[in-house]
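# A closer look at the structure
Okay, here's what each chain looks like letter by letter:
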Amino acid sequence: MWIVPEGEIAGLMTPEAAFDAVEAVFAAMARGDASNFPVVREAIGHEDALYGFKGGFDGAGMTLGLKAGGYWPNNAKHGIINHQSTVFLFDPDTGRVSAAVGGNLLTALRTAAASAVSSKYLAPKGAKVLGMIGAGHQSAFQMKAAVRFGDFDRVIGWNPHPEMLTRLADTAAELGLPFEAVELDRLGADADVIISITSAFEPLLLDAHVTGPTHIAAMGTDTKGKQELDPVLVARSRLFTDEVAQSVSIGEFQHAAAQKLISEGDVIALGQVINGQHEGRGDAEVTIFDGTGVGLQDLAVAAAVVELAKQQGKAIEVAI
Ligand code: NAD
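Identification of the protein as Ornithine cyclodeaminase from Paracoccus alcaliphilus is taken from an unreviewed UniProt entry.

Following this line, the structure appears as structure tokens:
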């Protein structure tokens, strides 16, 4: 099998390659060529950690495997980031393990790529103001991908822990864009595209905050119980996701679905818009993309990285 260490990923994977891999796999899922397996994600009762597996099989790309890992909120004391994961790939012809790939940076890149793909298809025309909710590790990747693939001229942001807002200010400065910290009512009124990427367990962005044509990429909720958006806001919006079953069970739409404000039939797979099977935004005022994070995203970027690592002599071969 091949090993691609975490430390090599930054030199191998580009935001463009991640964007292309994620867009392609969302399209393959909507065509029925690729499917995700049910997600296992559990609170292990130690270190407040959420641990699990996300797997799938892409019969078009012939990629089989899983990502194992999760979210350890207290990792700062170890000097490492809170999200820790590894992707394992298997030979679909034999079942033998074929690769182990560091999954931390890949997760950030593929998650940021997913919201950027959603904005490409769903953002209101002429979107210029990017609103960020969340200022943790992932937020910088989200902002960078949004700016790289969009046409924003300023960034506004809010975070439940204001002391973390320096990350957003620094990232915007790196991108050459003005940044302003604002309250949520300003953010919801001014931003054309809003990305939420927090670990919240109750609504942050309320229905009354959001006015005018807006696209919201809700990226933080990937587990039962987590929540970033007001279910009333969800109920009045046009809804998209990576994987419909995940969105109403572990994603942002779980709450509106549980309250019977929406049903699974109201949620459209983004891949359908990519494939031209659905019009996308249409005349909706607010669109929401619920980025729950699917295993096939991880497998797609990991498979691409293994090929690049082999070509560039950066993959380590071990017998198993
Ligand atoms: P982080 O720990 O670096 O930052 C956490 C963020 O959430 C900060 O903005 C913090 O202020 C906020 N926060 C923390 N506790 C909170 C609480 N109780 N209520 C409200 N806000 C709170 O985390 P990160 O690596 O930036 O990840 C952010 C979230 O994104 C996590 O919940 C993670 O599980 C999720 N995530 C989702 C995907 C996906 O594919 N959808 C992928 C990766 C990460």
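Read on, since the account is not over.
## Some details on the environment of V39
You can see V39 is positioned in the loop between β2 (34-36) and β3 (40-43). When the C-alpha atoms of V39 and V301 are compared, they prove to be 19 Å apart, with 262 residues separating the residues in sequence. Setting aside anything within four residues of it in sequence, one finds V39 in contact with F53, K54, Q246 and I250.

## So, the packing of aromatic side chains
Under the counting rule described, the total for this entry stands at four aromatic pairs. Pairing Y51 with W72 gives two aromatic rings, centres 6.2 Å apart and planes at 70°, and the pair type is edge-to-face. In this pair, Y51 sits in strand β4 (residues 50-58) while W72 sits in the loop between β5 (63-71) and β6 (83-90), placing the two residues 21 residues apart along the sequence. Look at Y51 and you get partly exposed, because its relative accessible area is 33%. Cluster of aromatic residues (ring-pair linked, three or more members): Y51, F53 and W72.

## Topic: the pairing of β5
The sheet contact formed by β4 and β5 spans nine bridges and is antiparallel. Residue D58 lies in a different strand from β5, and its bridge partner there is T63. Where β4 folds back on β5, the antiparallel hairpin that results is connected by four residues, among which M62 adopts a positive phi of roughly 50°. With eight bridges connecting them, β5 and β6 associate as antiparallel partners. Paired with K67 across the two strands is V87, which belongs to β6.

## What about the sheet that holds strand β17 (residues 286-290)?
Strand order in the open sheet formed by eight strands is β10-β9-β8-β11-β13-β17-β15-β16, with parallel pairing between adjacent strands. The open sheet has two edge strands with one neighbour each: β10 (179-181) and β16 (267-269). With direction set aside, neighbouring strand axes in the sheet form an average angle of 20°. Sheet analysis places strand β8 (residues 129-133) next to strand β11 (residues 193-196), joined by four bridges and oriented parallel. Within β11, the residue paired with M132 across the bridge is I195.

Reading the values: rules and limits
- Residues numbered from 1 in each chain as written.
- Predicted model: local features only at pLDDT ≥ 70, side-chain atom pairs only at ≥ 80, totals over all residues.
- Heavy atoms only, no water.
- Helix = DSSP H or I, 4+ residues; strand = E, 2+ residues; numbered from the N terminus.
- Contact = heavy atoms within 4.5 Å.
- Phe/Tyr/Trp six-rings, centres within 6.5 Å; stacked < 30°, edge-to-face > 60°.
- Buried < 20%, exposed > 50% of the residue type's maximum accessible area, 1.4 Å probe, protein only.
- Pairing = 2+ DSSP bridges.
- Axes fitted to C-alpha atoms, helices over the stretch in contact; angles between N-to-C directions.

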